[in-house]
Amino acid sequence: MKEKLKKIRSSRIVSFILILVFIAICMGIGAAFAYIDHESDPTEVAVQYFRAFVQQDYDTMYDCLTKKEGYYISKKMYIDSMKKMRQEYVIDSYEILDADEERGKQYITIKCKNSDTNENRDFIVYVDSVRNGVNIIPEYSVNIDSMIVRNFSVIIPNGNRLELNSEIIKEDMVDVSAGENDTKVYKFEGLLFGNYKVSATNKYYAMNDNISLKKSGVEIDMTKKSYTASDEYSSKITGHGNKVIGQFYKAVRGREPKRSKLLTCFENNKKLHKKVQSLVEQSEEIVYWPETKNIDNYKVIDMNIKGLKHNLAYNAKRKVYTLKYTYNYDYVASTETALYTSYMYRISGKCKSEMTLSYSRKGDDISLTDIKLKNKNIKNQE
């Protein structure tokens, strides 16, 4: 039996079969490598990204990006940046070049042609390759490291949340650790360079800062910033404050120091209401000059508030919001045209003012509890 097996093993048929098996294995390996090479071509994601750029499909562009752990890539900021870039490109035709490598990074160059000027401009897409688990075929995404600043940190008080450009940064998005003096530290491995409004906020108040991130390694300590209202309370207070200014100057123009729509803006307090009435009367003397003959016959025919700016601060101990307005207004007051002389008397001037409103917080409710007003009147000589 052994001799028969030896003869079978040494026969030409067996040798031929082994050769065929070897060739099949080699072909299989070659085909596998060819398949892997085809499937792992980074050009596909680069072309998808570029075509989305041409079609201004910025959502698809954002979906193509590498999302590294610890990175914060604001979709709105990214899209705004791509919109500006798109305006710089005239693309009548394009040519996709083969993938290349630079300093270990793969990239694809797409030559964009402007038919009017016959000029070319390169659109370069860098790509990252990632193998998930035991998958031998890598997945590709677009690398935008050229738009990223690294190692950005923000210190905020405990009990507050961090917002960048009004978007809440959840603690599972980046590395968050305990800091000193009842604080926590948000550490970003990377984020888009550009302008940010940084806020450490809670329901009632916030600490804000505006920064332009252009370099890596920046740290901001929000505990050293002044307090203002949270977005929710800022909207409530400034909306109410604008109403107060509108009603105040309607009372001034109409000589109505007891105007009910104005007084109901304030806390129901007789002493406070008398103060408001007194300030209206003082402002009446600005637009209706007391020394002018027959001043009771004049009416304000024009008054325009200009350059209205406000600042809102918060005192956490007193639970008081202070809303300070600065502005100026031109005014014209005149008599009606006299039938017997066809003449109209008028007075005019400009006033620079500062109005300060104080809002007290009791629980979730706020009420207007004080008003101050400074005026500087410049009379025109008619």
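Refer to the structure above for everything that follows.
Values in this document were obtained by computation on a predicted structure and should not be read as measured data.

*Asks:* I'd like to hear about the overall build of the protein chain, residue by residue, with values.
*Replies:* Check the secondary structure of the protein chain and you find eight helices and 19 strands. Each of the 382 residues in the protein chain was classed as buried or not, and the buried ones make up 40%. Relative to all contacts within the protein chain whose residues are 6 or more apart in sequence, the contacts with residues 24 or more apart total 61%. A total of about 23,800 Å² of accessible surface is found on the protein chain, and carbon and sulfur atoms cover 49% of it.

*Asks:* Describe in detail the nonpolar core, supporting the description with residues and values.
*Replies:* Tyr49, Tyr78, Phe188, Tyr196, Tyr249 and Met355 are the most contacted members of the largest nonpolar core, which has 94 residues in total. At eight residues, the largest contribution of residues to this core is made by helix α6 (residues 231–253).

*Asks:* Lay out the sheet that holds strand β16 (residues 299–315) in plain terms, naming residues and giving numbers.
*Replies:* Taking strand neighbours across the sheet as the criterion, the four strands line up as β16-β17-β18-β19 in an open arrangement whose pairing is antiparallel. One side of each edge strand has no neighbouring strand; the edge strands of this open sheet are β16 and β19 (365–379). On average, each strand axis in the sheet is tilted by 15 degrees relative to the strand beside it, whichever way the strands run. Here strand β18 (residues 346–362) pairs with β19 via 14 bridges, running antiparallel. The partner of Gly349 across the bridge, within β19, is Lys379. Here α6 sits on the sheet and contacts β16, β17 (320–334), β18 and β19; the angle it forms with β16, its principal contact strand, is near 155 degrees.

*Asks:* Any details on a negative patch on the surface? Residues and values, ideally.
*Replies:* On the surface, Asp41, Glu44, Asp98, Asp100, Glu101 and Glu102 cluster together into a patch of negative charge. Among the elements that take part in the negative patch, strand β3 (residues 100–102) stands out by supplying three residues, more than any other. Tracing the sequence through the fold places Asp98 in the loop between β2 (93–96) and β3. Of the residues examined, Asp98 reaches a relative accessible area of 70% and is grouped as exposed.

*Asks:* Give me the lowdown on the sheet that holds strand β15 (residues 227–229), citing residues and values where you can.
*Replies:* With antiparallel pairing, five strands are arranged side by side in an open sheet as β9-β8-β12-β13-β15. Either end of the sheet is taken by a strand with one partner, and the two such strands are β9 (167–168) and β15.

*Asks:* So what about α6? Which residues, and what values?
*Replies:* Over its 23 residues, α6 extends 33 Å from the first C-alpha to the last, a length consistent with the 33 Å expected when each residue adds 1.5 Å. Every buried residue belonging to α6 is among Tyr233, Ile237, Thr238, Gly241, Val244, Ile245, Gln247, Phe248, Tyr249, Ala251 and Val252, and all of these are buried. Looking one or two residues beyond α6, the residue adopting positive phi is Arg255, at roughly 55 degrees.

*Asks:* Any chance you could break down the environment of Tyr205 for me, citing the residues and the numbers?
*Replies:* As for its position among the elements, Tyr205 is in strand β13 (residues 205–213). In the structure, Tyr205 is positioned 29 residues away from Ser234 in sequence and 8.6 Å away in space, judged by C-alpha atoms. Ignoring any residue separated from it by four or fewer positions in sequence, one finds Tyr205 in contact with Asn160, Ala200, Tyr227, Thr228, Ala229, Ser230 and Tyr314.

*Asks:* Could you give an account of a positive patch on the surface, with specific residues and numbers?
*Replies:* A surface patch of like charges, here positive, comprises Arg318, Lys324, Lys372 and Lys374. For Lys324, a relative accessible area of 36% gives the class partly exposed.

*Asks:* Give me the packing of α6 against helix α8 (residues 270–287): which residues, what numbers.
*Replies:* Interaxial distance between α6 and α8 falls to 8 Å at its minimum, and their mutual angle equals 55 degrees. With respect to α8, the axis of α6 lies oblique. Crossing handedness for the pair α6 and α8: right-handed. Taking contact as the criterion, the partners of Phe248, Ala251 and Val252 in α6 are, on α8, Val276, Leu279, Val280, Ser283, Glu284 and Val287. For the contact of α6 with α8, the class distribution of residues is seven nonpolar, one polar and one charged.

*Asks:* An account of the packing of aromatic side chains is requested, with residue identities and associated values reported.
*Replies:* Tallying each qualifying case throughout the model produces 19 aromatic pairs. A ring pair is formed by Tyr107 and Tyr126, whose centres lie 5.5 Å apart and whose planes are at 45 degrees; its orientation type is tilted. One end of the pair, Tyr107, is in strand β4 (residues 105–114); the other, Tyr126, is in strand β5 (residues 119–130), with 19 residues separating them in the sequence. Exposure remark for Tyr107: the relative accessible area of 16% places this residue in the buried category. Aromatic pair Tyr249 and Tyr327: ring centres 5.9 Å apart, planes at 85 degrees, arrangement edge-to-face.

*Asks:* A description of the packing of helix α3 (residues 43–54) against helix α5 (residues 75–87) should follow, citing residues and the corresponding values.
*Replies:* The geometry of α3 relative to α5 is characterised by a closest axis approach of 10 Å and an angle of 70 degrees between their N-to-C directions. One way to sum up the angle between α3 and α5 is to call them roughly perpendicular. Within the contact between the two elements, α3 uses Tyr49, Phe53 and Val54 and α5 uses Tyr78, Met82, Met85 and Arg86. Looking at the contact of α3 with α5 residue by residue, the class counts come to six nonpolar, no polar and one charged.

About the criteria used
Residues numbered from 1 in each chain as written. Predicted model: local features only at pLDDT ≥ 70, side-chain atom pairs only at ≥ 80, totals over all residues. Heavy atoms only, no water. Helix = DSSP H or I, 4+ residues; strand = E, 2+ residues; numbered from the N terminus. Buried < 20%, exposed > 50% of the residue type's maximum accessible area, 1.4 Å probe, protein only. Contact = heavy atoms within 4.5 Å. Areas by Shrake-Rupley, 256 points an atom, 1.4 Å probe, with all protein chains shown as cover. Core = buried A, V, L, I, M, F, W, Y, C linked by side-chain atoms within 4.5 Å. Pairing = 2+ DSSP bridges. Axes fitted to C-alpha atoms, helices over the stretch in contact; angles between N-to-C directions. Patch = residues over 30% accessible without salt bridge, like charges linked within 9 Å, V, L, I, M, F, W, Y side chains within 5 Å. Salt bridge = Lys/Arg side-chain N within 4 Å of Asp/Glu carboxyl O. Lys, Arg positive; Asp, Glu negative; His and termini not counted. Charge placed at Lys NZ, Arg CZ, Asp CG, Glu CD. Expected span 1.5 Å × (residues − 1). Parallel < 35°, antiparallel > 145°, perpendicular 65-115°, else oblique. Left-handed = near helix turned anticlockwise from the far one by under 90°. Nonpolar A, V, L, I, M, F, W, Y, C, P; charged D, E, K, R; others polar. Phe/Tyr/Trp six-rings, centres within 6.5 Å; stacked < 30°, edge-to-face > 60°.

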